[in-house]
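# Chains, contacts and geometry: an overview
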Amino acid sequence: MASQQALQQAFRVVVENVLNRWTALRLAVEHGMGGPLGLNTAIELIDYVTSYCTENKNVDAIDLREVLEEILDQEFETICEDESTQEVSAVLIKYLRMLKEGKEEEVKAELHTMVPCEMWIVSGAKIKYQPIDDSGSESEEDINDPEDMDVEPAPAMDVGSEQVNPSTCGSSTKFIEEEAIDPGWTQVRGRRRR
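Residues numbered from 1 in each chain as written. Predicted model: local features only at pLDDT ≥ 70, side-chain atom pairs only at ≥ 80, totals over all residues. Heavy atoms only, no water.

### Overview of the overall build of the protein chain
Put simply, the rule reads: By the criteria applied, helices consist of DSSP H or I runs no shorter than four residues and strands consist of E runs no shorter than two, each listed in order from the N terminus. Under the scheme applied here, a residue whose accessible area is under 20% of the maximum for its type counts as buried, over 50% as exposed, and between as partly exposed, the area being computed with a 1.4 Å probe on protein chains only. Contact definition: two residues touch when any of their heavy atoms are within 4.5 Å. Accessible surface is estimated by sampling points in the Shrake-Rupley manner with a 1.4 Å probe; for residues, cover comes only from the protein chains shown.
From N to C terminus, the protein chain includes seven helices and four strands. Each helix and strand of the protein chain, placed in order from N terminus to C terminus, yields the pattern α-α-α-α-α-α-α-β-β-β-β. Taking all 194 residues of the protein chain together, the buried fraction comes to 27%. Contacts spanning at least 24 positions in sequence make up 65% of the contacts within the protein chain whose residues lie at least 6 apart. Element-wise, carbon and sulfur atoms account for 50% of the exposed surface of the protein chain, whose accessible area totals about 13900 Å².

Quick look at the structure:
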């Protein structure tokens, strides 16, 4: 049992080092994708990944990648399209195997050769929350502004025996107003000039 506990402690250090370097996770927390407790969720992620990998016998990189993707999606509403979940899971499984083979000194040496980074996933850390840029989404004013409205051509309609197509290639369409059944409404039909 002592070796299991030693494995968990050693692997937790690895998980902390790797997840603190994972840009996608940091951006998700900084942008508030995990809600106001996003940092706490990241801390819990370290504990969960450590337990998941050390308590299950045959964990591989694919299993861990699926777990990470599911947690990012559910807890941080984030989907990584940059394959970083695959990279993170592969690195973690590599170090887990090394630790299980008794190569703890090699793992420590490799961790020390990593580029130093800020250990931001710690209790009480100050996270600079960045507002999400909504410039790509439309506000209510943008949606109701007729000048910026994109209009798609209407499909051809069969009116009686005559085919009526939308106006294209500079041809003009003559509109005829007719009284509709409901007063206050006017029906507009298009007829192509020939």
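### Quick notes on unusual backbone geometry
In this model, Glu77 sits at a positive phi of 45°, which is unusual for a non-glycine residue. By the element assignment, Glu77 lies in the loop between α4 (61–76) and α5 (84–100). Taking relative accessible area as the criterion, Glu77 reaches 59% and is therefore assigned exposed. A positive phi angle, close to 65°, is found at Glu83, a residue other than glycine. Relative to the helices and strands, Glu83 resides in the loop between α4 and α5. Residue Glu83 is classed as partly exposed on the basis of its relative accessible area of 47%.

### Concerning helix α2 (residues 23–30)
Turning to α2, its buried residues number three or more, namely Ala24, Leu25, Ala28, Val29 and Glu30. Where α2 ends, the next residue or the one after it, Gly32, has phi of about 75°, a positive value.

### A closer look at a negative patch on the surface
Heads up, the condition is: Residues form patches when they are more than 30% accessible in relative terms and have no salt bridge. Like charges link within 9 Å. Nonpolar side chains (Val, Leu, Ile, Met, Phe, Trp, Tyr) link within 5 Å. Salt bridges are defined as contacts in which a side-chain nitrogen from Lys or Arg sits within 4 Å of a carboxyl oxygen from Asp or Glu. Only four residue types enter the tally: Lys and Arg on the positive side, Asp and Glu on the negative side, with His and both chain ends excluded. Here the site of a charge means NZ on Lys, CZ on Arg, CG on Asp, or CD on Glu.
Taken together, the side chains of Glu66, Glu70, Asp73 and Glu77 make up a negatively charged region of the molecular surface. As for its position among the elements, Glu66 is in helix α4. Glu66 sits in the partly exposed class, given a relative accessible area of 44%.

### Re the confidence of the model for the protein chain
In low-pLDDT segments, the atomic positions of the prediction should not be examined closely. Rules: Per-residue confidence from the predictor is reported as pLDDT, which spans 0 to 100.
For the protein chain, the mean per-residue pLDDT works out to 78, and 62% of the residues sit at or above 70. Counted against residues more than four places away or in other chains, residues 137–173, with its pLDDT under 50, gives 25 contacts.

### Looking at the environment of Tyr52
For Tyr52, the position within the fold is in helix α3 (residues 38–55). Between the alpha carbons of Tyr52 and Leu64 there is a distance of 8.5 Å; along the sequence they are 12 residues apart. With residues up to four places along the chain from it excluded, the contact list for Tyr52 reads Val59, Asp63, Leu64 and Val67.

### Details of the environment of Asn20
What counts is decided by this rule: Identification of polar contacts relies on pairs of N or O atoms within 3.5 Å, with a donor-acceptor requirement for protein atoms, meaning one able to donate a hydrogen and the other able to accept it, and with residues adjacent in sequence counted only if both atoms are side-chain atoms.
Checked against the element boundaries, Asn20 lands in helix α1 (residues 2–20). Through-space distance from the C-alpha of Asn20 to that of Cys117 is 7.5 Å; in sequence the pair is 97 residues apart. Contact partners of Asn20, with chain neighbours within four places excluded, come to Cys117, Glu118, Met119, Trp120 and Ile121. Here the side chain of Asn20 touches Trp120 through a polar contact of 2.8 Å, landing on its backbone nitrogen.

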